[in-house]
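Descriptive analysis of the structure
Residues per chain are reported as follows:
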Amino acid sequence: MRRRAPSVRARLTLWHAGVLALVICLFSAGALLVVRARFDRLFEEQISQDLATIEKVYREETGDLGELAHRMRTTLFEVVEGQTVIYRTAGWPPAGRTPYRIRTAADATHRVTVARDETPLRQTLWTLAVILATGIPCAIGLAIAGGYFLAGRVLAPVDAMAETARRITAASLSARLPVENTRDEFGRLATVFNETLARLEAAFEQLRRFTADASHELRSPLTGMRSVGEVALQRSLTAQGYREVIGSMLEDVDRLTRLVENLLLLTRADAGRIPLTRTLVDLRELVAGVVDSLRVLADEKDQRLTIDVAPRVMAECDAGVLRQGVTNLLYNAIKYTPNKGEIRVVVTPTESGGVSIEVRDTGPGIAAAHRERIFERFYRVDDARSRESGGTGLGLAIARWAVEANGGRIEVQSDEGHGSVFRIVLPRRS
Ligand code: ADP
């Protein structure tokens, strides 16, 4: 069985306590060594001083050696001249369980030997060692307790975040993680997570709206077909009457087909499942092809449809996808421009080395409030008019995808009541 990795809190505490223990041990050992060396030197100095004092008394007042011995108490000494012992303190030679340090100073005539009791020195060092030895575990214990408490406090926001994150579902994407301090690491993490949630929420909302709109769009032609069929069934009609019913139903089927095709196209585009093959495309040819295919619609409305393309304007793009975009713009221009209106398609190189394709019309124009939104899926300025003319509300959304997939952008300029200009701008060839 695999052991579970310890929690971050436990790991932090252990690391903290381990490092602190190492530092305290090193520091204590160092302190003990330094103190011992210092005491040792002092002790040596005291012995040297003892030797000097004894030497002095011996030279000046040999008779006072006894009194000196009395004063020195813990220090034993012996003064020898040749083989003769001049003075020797009681208890000489130093022996037994008391630890003595012995030093001798000698010359040709005499020899002074001093033995100084080391017990106070050893006791002091021992006391210090005991204090350290009992203090260190206490300090480490405190460090573990304090570290565990602190790590718990520091990591508390993570628990709070995890708790909130656990409660977030697709239905409650509006919930956000608590951000206590946007400048610390956890605050930044929570902020990034919240931003991700906001994007997810927007995507979900878009999807929900799209599904609702799509269902709504699909329902109207189906309802239309059903009611036309029911009415036709209720009474017997002439052959001409049935033909009209079938014709009306086929119109609805057409609309449904267009809608489903457009929906499919957008869904595949969203999923990135439409592969683009970029080639060098002559835009004159491409635009002329689109204009030719839609000219019959313009003619039906008695509109003037002209094309103005500089020769050899090339772009690197997927011809099929771009054609779809241009078709949708021109189709809209014809659809929304009244009879006898004018539509111009102008292709020019831009200053930055790219290409612009403009579709200008003399239609009703688009109010500023709608301009931003007309590229959204199913967004229509005038619902009834768009539907009446067979619009699915997806034409501009598809046009925008087609242009952006080719690395370009699409924009609209319009004066309400004075026509519109839809412009596709393709970047310079790389
Ligand atoms: P639709 O199928 O409704 O035409 P689109 O996505 O193609 O959907 O267009 C969205 C809306 O933008 C249209 O409903 C219409 O109100 C407006 N629109 C598009 N092109 C033009 C134009 N050339 N002139 C005026 N309004 C337009």
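**Some points on the environment of Arg176**
Take Arg176: it is sitting in the loop between α3 (119-167) and α4 (185-234). Given the relative accessible area of 30%, Arg176 is considered partly exposed. When the C-alpha positions of Arg176 and Leu297 are compared, they lie 52 Å apart, and in sequence the two are 121 residues distant. Not counting chain neighbours up to four residues away, the residues in contact with Arg176 comprise Thr164, Asn194, Leu197, Ala198 and Glu201. A polar contact is formed between the side chain of Arg176 and the backbone oxygen of Leu173, at a distance of 2.7 Å. A polar contact of 2.8 Å, which involves the side chain of Arg176, links it to the side chain of Glu201.

**Remarks on the packing of aromatic side chains**
Summed over the entire model, instances satisfying the criterion amount to three aromatic pairs. Ring plane angle 35 degrees and centroid distance 5.7 Å describe the contact between Phe210 and Phe378, whose orientation is recorded as tilted. Of this pair, Phe210 sits in helix α4 while Phe378 sits in the loop between α8 (368-371) and α9 (383-388), placing them 168 residues apart in sequence. The pair Phe210 / Phe378 is uniform in exposure class, with both members buried. Taken together, a centroid distance of 6.3 Å and an interplanar angle of 75 degrees make the contact between Phe375 and Phe422 edge-to-face.

**Describing the sheet that holds strand β11 (residues 420-426)**
What the five strands build is an open sheet, ordered β6-β8-β9-β11-β10; its pairing is mixed. In the strand order of this sheet, the two ends are held by β6 (304-309) and β10 (409-414), each with one partner. Going across the sheet, the axis of each strand differs from the next one's by a mean of 15 degrees, ignoring polarity. Running at roughly 20 degrees to strand β9 (residues 355-361), helix α7 (residues 319-336) makes contact with β6, β8 (342-349), β9, β10 and β11 of the sheet. In this fold helix α10 (residues 395-405) packs onto β10 and β11, with an angle of close to 135 degrees to the strand it touches most, β10.

**Comments concerning the packing of α3 against α4**
Where α3 contacts α4, the two axes come as close as 10 Å, and the packing angle between them is 15 degrees. Looking at the two axes, α3 sits roughly parallel to α4. Handedness of the α3/α4 crossing: left-handed. On α4, the residues touching Val154, Leu155, Pro157, Val158, Met161 and Ala165 of α3 are Phe186, Leu189, Ala190 and Phe193. Across the contact of α3 with α4, the residue classes tally to ten nonpolar, no polar and no charged.

**Notes on empty space enclosed by the protein**
Under the criterion given, the structure shown has one cavity of 30 Å³ or more. Considered as a void within the structure, the largest cavity measures approximately 40 Å³ in volume. Lining the largest cavity are Glu217, Pro221, Arg255, Leu259, Gly391 and Thr392. Listed by contribution, the elements that provide at least two residues to the lining of the largest cavity are α4 and α5 (239-270).

**Some points on the pattern of salt bridges**
A side chain with one charge may pair with a side chain of the opposite charge, provided their charged atoms come close. According to the stated counting rule, one finds 25 salt bridges in the structure shown. Each of Asp40, Glu44, Arg101, Arg103, Glu118 and Arg122 takes part in one network of salt bridges that share partners.

**With respect to a nonpolar patch on the surface**
A cluster of nonpolar residues, Tyr242, Ile246, Leu250 and Val253, forms a patch on the protein surface that exposes about 350 Å² of accessible area. Structurally, the position occupied by Ile246 is in helix α5.

**Quick look at the site of the ligand**
Around the ligand sit 20 residues in total, of which Asn332, Tyr336, Asp361, Ser386 and Gly393 are the nearest. The backbone of Gly393 places a nitrogen or oxygen atom 2.7 Å from an oxygen atom of the ligand. Protein coverage of the free-state accessible area of the ligand, which is 530 Å², stands at 98%. If you map the ligand onto the pockets, it falls in the largest pocket. Those elements that place two or more of their residues in the shell around the ligand are α7, α10 and β11.

**Comments concerning the layout of surface pockets**
By volume, the largest pocket is sized at about 740 Å³. Take the lining of the largest pocket: its biggest share by element is nine residues, from α7. The residue inventory of the lining of the largest pocket, partitioned by class, reads 15 nonpolar, 16 polar and nine charged. Of the domains in this structure, domain 2 (185-270) and domain 3 (279-426) are the two that each give at least three residues to the lining of the largest pocket. Here the second largest pocket is characterised by a volume of approximately 490 Å³. Taken together, 20 residues make up the lining of the second largest pocket; nearest its centre are Gln206, Phe210, Glu376, Arg377 and Arg400. When residues of the lining of the second largest pocket are traced back to their parent elements, those giving at least two are α4, α5 and α10. A total of six residues in the lining of the second largest pocket trace back to one element, the largest contributor, which is α4. Looking at the lining of the second largest pocket, its residues break down into ten nonpolar, two polar and eight charged.

Analysis parameters
- Residues numbered from 1 in each chain as written.
- Predicted model: local features only at pLDDT ≥ 70, side-chain atom pairs only at ≥ 80, totals over all residues.
- Heavy atoms only, no water.
- Helix = DSSP H or I, 4+ residues; strand = E, 2+ residues; numbered from the N terminus.
- Buried < 20%, exposed > 50% of the residue type's maximum accessible area, 1.4 Å probe, protein only.
- Contact = heavy atoms within 4.5 Å.
- Polar contact = N/O pair within 3.5 Å; in protein donor to acceptor, adjacent residues only side chain to side chain.
- Phe/Tyr/Trp six-rings, centres within 6.5 Å; stacked < 30°, edge-to-face > 60°.
- Pairing = 2+ DSSP bridges.
- Axes fitted to C-alpha atoms, helices over the stretch in contact; angles between N-to-C directions.
- Parallel < 35°, antiparallel > 145°, perpendicular 65-115°, else oblique.
- Left-handed = near helix turned anticlockwise from the far one by under 90°.
- Nonpolar A, V, L, I, M, F, W, Y, C, P; charged D, E, K, R; others polar.
- 1 Å grid on protein atoms, 1.4 Å probe; cavity = no way out; pocket = protein on both sides within 12 Å on 5 of 7 lines; lining within 4 Å.
- Points joined across faces, edges and corners; volume = space filled by probe spheres on them.
- Salt bridge = Lys/Arg side-chain N within 4 Å of Asp/Glu carboxyl O.
- Patch = residues over 30% accessible without salt bridge, like charges linked within 9 Å, V, L, I, M, F, W, Y side chains within 5 Å.
- Areas by Shrake-Rupley, 256 points an atom, 1.4 Å probe, with all protein chains shown as cover.
- Near = heavy atom within 4 Å.
- Sits in = over half its atoms within 2 Å of the grid points.
- Domains from an automatic or database assignment.

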